[in-house]
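Spelled out from the first residue to the last, the chains are:
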Amino acid sequence: MSADTPAATSATGAPDTASDTGASDAASDTAGLRQRIDTTKAHPARVYDVFLGGKDNYPADRQAASMALKANPRGHLDVRHNRDFVRRAVTALAGEVGIRQFLDIGTGLPTQQNVHQIAQAIAPDSQIVYVDNDPIVLVHAQALLTSGPQGRTDYIEADLRDPAKILEAARRTLDFDRPIALVLAAVLHFIEDEEAYPVVRQLVEALPSGSHLVLSHLSADLNPVPINKVADTFRKRGFSFVLRRREEIGRFLSDNGLEPLEPGIVPSRHWRPDHAADATEARGAAPEHLEELDHLDQGQYVSIAEATDEDVNIFVTVARKP
């Protein structure tokens, strides 16, 4: 399996020889996949994992996360508010709109509430395809392939910049004659304009009427000083990092004829808040000597309910394709 050929594994409640073979191949290839992981360079999926309190990351990722937190000490709240927005958006689409198919690109490492767990808790027959380009995500893909007996999950190793390959592979699981929710959560700010807008256009063009886009994107409109410092730390490590303005984020909708659901394009904490428990918040009481923890680990003991507008740098929206 290579970055040029999307690798897919899947899980379904129904007997599926191809799925069984895919899962077996994924397991047997674990050693080879780990050899492909460049642990000397930070990767967005693994840095994100650091902020969520995960363990599937390396010193380079923790260093990148640490520098970002030095630039913005409450930056972990952006990451966790983003995950909570995805929960609320998927809940709304599965529960209120009736969407049963999800294409989640830039999935990242498994977390406490993955898209299939949210959707299938509401509609057990939901089908979800995950996409990421970091081999370590594929190593842990089996955690994303735990579909209930009525639904199905699939994983594709591919890059957002190659939508044609993503769409071809996704068709093995998703029915493109039925509405699909395209999830692009906190991923487009890693792509420059000349690729980002055409990529979204190609993906949206492939979706049928009634489909939806779930979008979250970092911006310097809200709190420019800390988020620009964060962006600089990532750029120094070789990341593309584009902090688009609200109207530039809006282009992903207007250029493709998408109609935003209420409340439109808003800071993440203001999109249909339901004040549910934060799934990424550490359970139990904080350690007695919290200040003795690494500052990267302290954040998991801070509830996102404590966040204010000064802590949020992400615009989010859900939009429908007519």
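Each value, and the rule that gives it
- Residues numbered from 1 in each chain as written.
- Predicted model: local features only at pLDDT ≥ 70, side-chain atom pairs only at ≥ 80, totals over all residues.
- Heavy atoms only, no water.
- Phe/Tyr/Trp six-rings, centres within 6.5 Å; stacked < 30°, edge-to-face > 60°.
- Helix = DSSP H or I, 4+ residues; strand = E, 2+ residues; numbered from the N terminus.
- Buried < 20%, exposed > 50% of the residue type's maximum accessible area, 1.4 Å probe, protein only.
- Lys NZ or Arg CZ within 6 Å of the ring centre and 35° of its normal.
- Salt bridge = Lys/Arg side-chain N within 4 Å of Asp/Glu carboxyl O.

Q: When you look at the packing of aromatic side chains in this model, what are you seeing that I'm missing?
A: What describes a pair of aromatic rings is the distance from one ring centre to the other and the angle between the planes of the rings. Counted under the stated rule, the structure contains 6 aromatic pairs. Aromatic pair phenylalanine 190 and phenylalanine 241: ring centres 5.5 Å apart, planes at 85°, arrangement edge-to-face. Note that phenylalanine 190 is positioned in the loop between strand E5 (181-185) and helix H9 (193-205) and phenylalanine 241 in the loop between helix H10 (224-235) and helix H11 (246-254), a separation of 51 residues in sequence. A residue is classified by how much of its surface remains accessible, and phenylalanine 190, at 18% relative accessible area, is buried. Where phenylalanine 234 meets phenylalanine 239, the ring centres are 5.2 Å apart and the plane angle is 85°; that geometry is what we call edge-to-face. In this structure phenylalanine 239 comes out as buried when scored by relative accessible area, which is 11%. Here the aromatic residues Phe190, Phe234, Phe239 and Phe241 are joined through ring pairs into a cluster of three or more. One residue, arginine 171, lies across the ring of phenylalanine 176, its end atom 4.3 Å from the ring centre. Residue placement shows arginine 251 over the ring face of tyrosine 197; its charged tip is 3.7 Å from the ring centre.

Q: Looking at this structure, I do not really get the pattern of salt bridges. What am I missing?
A: Pairs can form between side chains of opposite charge whenever their charged atoms are close. Here the structure, examined in full by the defined rule, presents 16 salt bridges. Between arginine 161 and glutamate 195 there is a salt bridge, and its shortest N-O distance comes to 3.3 Å. Of this pair, arginine 161 sits in the loop between strand E4 (152-157) and helix H8 (163-170) while glutamate 195 sits in helix H9, and the two are 34 residues apart along the sequence. Residue class for arginine 161 comes out partly exposed when judged on its relative accessible area of 37%. Using a relative accessible area of 33% as the deciding quantity, one classes glutamate 195 as partly exposed. Residues participating in the shared-partner salt-bridge network are Asp84, Arg87, Arg88 and Asp274.

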